[in-house]
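One-letter residues, chain by chain:
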Amino acid sequence: MAFFAKWLEKFRKATAEYGYLCDSCGKEIFTYPVYRFCEECESKMPRPQTKFCPKCGRETITDGICLDCKSNPPKFEQGIVPFVYRGKAASLVNRMKNGSPRLALYFGEEMGRAFAAQYKGNAAQPLLVVPVPMTEKAKKERGYNQAERLAEAVCTELNKLGFQAEQDNEVLEKRRETAQQKHMDFRSRADNVAGAYHVHKRNACKEKIILLIDDIMTTGATSGECTLRLLGAGASSVYFLAAVALAERK
Ligand SMILES: [Zn+2]
Ligand SMILES: [Zn+2]
């Protein structure tokens, strides 16, 4: 029996690589590759409720464009986000950033599906998928950039859905470290990221529809700064896709 249990454990570990276990709780599932989470975990994922801002994609209190977008209109075409930054989605995004990059597969696929559902442009036009970069030092410390992992999954999902998506991790470069933005107001956030991002491959941006990819959408200082740089390099439009977004403040 002990032998069997050991063997079973080995089998579970091996098959976990192929997704026969829920990526969130590890329970066995039989719906892969359609679903990566078991039904229970899936039901706990906080999707935006009925109201969300048509510009930035965040869950809102009232109908229409949110107050933040009204006071500081985003430079990107549209923000598209499958989950609200709370509960299970918040803890899983933190796990994805801290040692479980595999979770990027789940989030990236959901981001790709959300984009496909909301995109009103011409689906035959190629899309350039660009992750928000980390500094070399920060990436070395973490071992990976979660935005790059998300971008990979977004790309794969979009190509599966009939789009022509191509990923390029070297379009943007982060040249200096920025401070934690959690407790800053909009102005300080904008100052904090000003000049931190740089377009490394300007030619790649010319007349492209760019999907900018990040893990969390907060007030949009990072996405705003990156969008500005990409448009400055000649991109025709920029869509911002994140795994989760903070809900509008009450
Ligand atoms: Zn589960
Ligand atoms: Zn908004």
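Rules used in this analysis
- Residues numbered from 1 in each chain as written.
- Chains lettered and ligands numbered in written order.
- Predicted model: local features only at pLDDT ≥ 70, side-chain atom pairs only at ≥ 80, totals over all residues.
- Helix = DSSP H or I, 4+ residues; strand = E, 2+ residues; numbered from the N terminus.
- Rg over C-alpha atoms; globule rule 2.2 N^0.38 Å.
- Contact = placed C-beta atoms within 7 Å.
- Expected span 1.5 Å × (residues − 1).
- Buried ≥ 20, exposed ≤ 12 C-beta atoms within 10 Å, placed from the backbone.
- Core = buried A, V, L, I, M, F, W, Y, C linked by C-beta atoms within 7 Å.
- Domains from an automatic or database assignment.
- Axes fitted to C-alpha atoms, helices over the stretch in contact; angles between N-to-C directions.
- Parallel < 35°, antiparallel > 145°, perpendicular 65-115°, else oblique.
- Left-handed = near helix turned anticlockwise from the far one by under 90°.
- Pairing = 2+ DSSP bridges.
- Nonpolar A, V, L, I, M, F, W, Y, C, P; charged D, E, K, R; others polar.

Caption draft 1: How the structure looks around the overall build of the protein. Across its full length, the protein carries 9 helices and 8 strands. For 250 residues, the compact-globule formula gives about 18 Å, and the C-alpha radius of gyration of the protein, at 19 Å, lands near that figure. Counting only C-alpha atoms and orienting by the principal axes, one finds that the protein spans roughly 65 × 40 × 40 Å. For the protein, contacts bridging at least 24 residues in sequence account for 71% of all contacts bridging at least 6.

Caption draft 2: Seen up close, helix α5 (residues 103-118). For α5, built from 16 residues, the straight-helix expectation of 22 Å at 1.5 Å per residue is met to within 8% by its first-to-last C-alpha distance of 23 Å. Taken together, the buried positions of α5 are L103, A104, L105, Y106, F107, G108, E109, E110, M111, G112, A114 and F115.

Caption draft 3: View of the nonpolar core. Within the largest apolar cluster, 59 residues are counted, with the highest numbers of intra-cluster contacts made by V154, L211, L212, I213 and V244. Both domain 1 (1-44) and domain 2 (45-245) contribute no fewer than three residues apiece to this core. Non-local contacts of V244, meaning those with residues more than four positions away in its chain, are made with V81, F83, V84, Y85, A89, A90, V93 and I216. In this structure, F52, C53, C56 and C66 belong to the second largest nonpolar core, which totals 5 residues.

Caption draft 4: Fine view of the packing of helix α4 (residues 87-97) against α5. At a minimum axis separation of 9 Å, α4 and α5 run at an interaxial angle of 125°. Comparing their axes, α5 and α4 come out oblique. Seen from above, α4 lies across α5 with left-handed handedness. When α4 is examined against α5, the residues L92, R95 and M96 are found in contact with a partner set consisting of L103, A104 and F107.

Caption draft 5: Looking closely at the pairing of strand β8 (residues 237-245). Most of β8 is tucked away: 8 of the 9 residues are buried. Summarising the sheet, strand β1 (residues 78-80) and β8 pair through 3 bridges and their orientation is parallel. The residue of β8 that forms the bridge with Q78 is Y239. In terms of strand pairing, strand β2 (residues 83-84) meets β8 through 2 bridges, oriented parallel. Residue pairing across strands places F83 opposite V244, the latter belonging to β8. Sheet topology note: the strand β7 (residues 209-217)/β8 ladder contains 8 bridges and is parallel. From the neighbouring strand, I213 faces β8, where its bridge partner is L241.

Caption draft 6: Molecular detail of the domain arrangement of the protein. Once the domains are mapped, the protein shows domain 1 (1-44) and domain 2 (45-245). For domain 1 versus domain 2, the separation of C-alpha centres amounts to 30 Å. With 6 residues of domain 1 at the interface, the matching set in domain 2 holds 8 residues. Residues belonging to the side of domain 1 that touches domain 2 are distributed by class as follows: 1 nonpolar, 1 polar and 4 charged.

Caption draft 7: Just unusual backbone geometry, in detail. Even without being glycine, E207 reaches a positive phi, approximately 55°. Summarising the element assignment, E207 is placed in the loop between β6 (197-199) and β7.

Caption draft 8: Representation of the environment of L246. Mapped onto the secondary structure, L246 falls in the segment after β8. For the pair L246 and A90, spaced 156 residues apart in sequence, the C-alpha to C-alpha distance is 9.5 Å. Discounting residues that sit within four places of it in the chain, L246 has contacts with R58, Y85, M217 and T218.

Caption draft 9: The arrangement of the packing of α5 against helix α7 (residues 146-160) in detail. For the pair α5 and α7, the least separation of the axes is 7 Å and the interaxial angle reads 50°. Overall, the two elements α5 and α7 adopt an arrangement that is oblique. Crossing angle aside, the handedness with which α5 passes α7 is right-handed. On α7, the residues touching A104, L105, F107, G108, E109, M111, G112, R113, F115 and A116 of α5 are Q146, R149, L150, E152, A153, V154, E157 and L158. Its residues assigned to classes, the contact of α5 with α7 comprises 10 nonpolar, 3 polar and 5 charged.

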